[in-house]
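Close look at the chain arrangement
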Amino acid sequence: MNTAPVEALALDAITKRFGELTANDAVSLSVNQGEVVALLGENGAGKTTLMNILFGQYTADSGAVRVFGKTLPPGNSRAALDEGVGMVHQHFTLADNLTVQENITLGARSLFSPGLGRSAARARIVDLSRKFHLSVSPDARVGSLSVGERQRVEILKALYRDVRILILDEPTAVLTPQETDDLFATLRLAIADGLSIIFISHKLHEVMAIADRVVVLRHGKMIGGVDTQDTDKNALAAMMMGTEATPPKVSPATPGAALLELRSVTTADVGSVPGLKSVSLALQAGQIVGLAGVSGNGQAAIADVVGGLLHPASGELVLNQEAVRRWTPRNAVQSGIARIPEDRHKTGTIADFDLVENAILERYKAPAFSKAGWLNWRKSRAFADGIIDKYDVRCPGADTPIRLLSGGNMQKLILGRVLEADPQIILANQPVRGLDIGAVNYVHSQLLAARARGAAVLLISEDLDEVMALADIIHVIADGRLSPGFARGEMTPAQLGLWMAGQGFDKGVAHAS
């Protein structure tokens, strides 16, 4: 006998404004018990705002939130948590100075419990880690963890609280395909037990794999929904953008001279993150070099060496055929190296600076923006306005503090800041993380255009599909060791996956025929 579905969640006509910007415009959404609903939309469409209202971090201007028929008080995260609502945020909400266990249990236990229940909490965290294939030490200091490990802590933090409704905001952005498959397999077990999930992702193949139903936001309004069994990735992309999404064509490269080389560079280990082990890498003009690997295997060290943040323990850096003796972030910028950092919050922007200030952050002393120590605000504002227009940065205006933008729109501003400087060398570290499919295609087209102008591009990405599609030469890094360079199309995903697991370094992996 079939029973009627139980409504786990209802958002009723939610409206939220930030000044003149309407982030959510009378949005209504429901999720049944044991159902996965994917929430899609372009960057700035209002997805994260809507979820922050559900989770009680924002207060809606109008509308109501009901969980299993109970109306939640607005702007009250504790009430949401008490009713079983959990959220894995797109951007980390962790305390770097606390351990993994302290972050997970923070606010989830009484301060008056004997021993604070540490032993039981540890056992539960270890059990969840094993069950959900989210390996991380409970005793590790969060500040010492890689980006991928921090994301695992965020997921564990939500699962620890026995959630009934779980909001996943770009939860797999830093997971490998295998880790994503493991997570989905475990989530399906929880779904069968009645867990309801709202899944936010720009990876449409993941949406098709995990979601029962899809709803789409555009410019803050709900424009429609569809069952995943009745649609495909192309149709979903068209719903999001209002037009078809076409990836750029990648033509063969014509590489020139090496603009930057790492020669036998070794760096020290940092906590559990391995340092580089005699890494040699050449970035040639007119070529995109892709660096693939599981998070925390040395990508950050390579990025830091190139960007002047980390000095090699041995080996040398060669710029335009000359060995570099003094290498700092300022030297790197002055030498024409532009960086798209992995963490747009921590190292890419200053939260309380507006878009103008962030747009000129690394070039404020350039003649284009200052003279005799005085900033030219008119030119700076014009530069920021140009980026906003060209890169479709959704914001109320250039004087908006950048912390009020969605993650994707922050990334667009950083990309504009980098690419509009016409750099010689581009360090693109996770350049499309959190971007919608239209923005991804645009970023890729801009990196290809920079290559065509003669720039050397180092593309660091944990998305193997992105590396294989865009890079002319692919290196894999595992445990601080760098593989030989493979030409695009020379290796299959499975073969590269073996190198990512470290197997290719020990016994070699045959090339694709």
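Nothing here was measured: the structure is a model prediction, and the numbers come from that model.

The subject of this paragraph is the overall build of the chain. Looking only at helices and strands, one finds 18 helices and 23 strands in the chain. Computed over its C-alpha atoms, the radius of gyration of the chain comes to 23 Å, within 12% of the 24 Å expected for a compact globule of 513 residues. Based on the C-alpha atoms only, the size of the chain along its principal axes is roughly 75 × 55 × 50 Å. Across the 513 residues in the chain, those meeting the buried criterion constitute 51%. Long-range contacts, defined as pairs at least 24 residues apart, comprise 67% of the intrachain contacts of the chain with a sequence gap of at least 6. When the accessible surface of the chain is summed, it comes to about 22400 Å², and 51% of that surface belongs to carbon and sulfur atoms. Of the charged side chains in the chain, 50 are positive and 54 negative, and the gap between their average positions amounts to 5 Å.

Under the criterion given, the structure shown has six aromatic pairs. Ring geometry for Phe-184 and Phe-199: centres 5.8 Å apart, planes at 75°, overall edge-to-face. You can see Phe-184 sitting in helix H6 (residues 177-192) and its partner Phe-199 sitting in strand S8 (residues 196-200), a full 15 residues away along the chain. Judged by relative accessible area, Phe-199 falls into the buried class, the value being 0%. An aromatic cluster of at least three residues, connected via ring pairs, comprises Phe-486, Trp-499 and Phe-505. Directly above the ring of Tyr-160 sits Arg-124, whose terminal nitrogen or CZ lies 5.4 Å from the centroid.

Here we come to a nonpolar patch on the surface. Taken together, the side chains of Phe-18, Leu-21 and Tyr-58 present a nonpolar region at the surface, about 230 Å² in accessible area. Checked against the element boundaries, Tyr-58 lands in the loop between helix H1 (47-54) and strand S4 (62-67). With relative accessibility at 32%, the residue Tyr-58 sits in the partly exposed group.

Thresholds applied
- Residues numbered from 1 in each chain as written.
- Predicted model: local features only at pLDDT ≥ 70, side-chain atom pairs only at ≥ 80, totals over all residues.
- Heavy atoms only, no water.
- Helix = DSSP H or I, 4+ residues; strand = E, 2+ residues; numbered from the N terminus.
- Rg over C-alpha atoms; globule rule 2.2 N^0.38 Å.
- Buried < 20%, exposed > 50% of the residue type's maximum accessible area, 1.4 Å probe, protein only.
- Contact = heavy atoms within 4.5 Å.
- Areas by Shrake-Rupley, 256 points an atom, 1.4 Å probe, with all protein chains shown as cover.
- Lys, Arg positive; Asp, Glu negative; His and termini not counted.
- Charge placed at Lys NZ, Arg CZ, Asp CG, Glu CD.
- Phe/Tyr/Trp six-rings, centres within 6.5 Å; stacked < 30°, edge-to-face > 60°.
- Lys NZ or Arg CZ within 6 Å of the ring centre and 35° of its normal.
- Patch = residues over 30% accessible without salt bridge, like charges linked within 9 Å, V, L, I, M, F, W, Y side chains within 5 Å.
- Salt bridge = Lys/Arg side-chain N within 4 Å of Asp/Glu carboxyl O.

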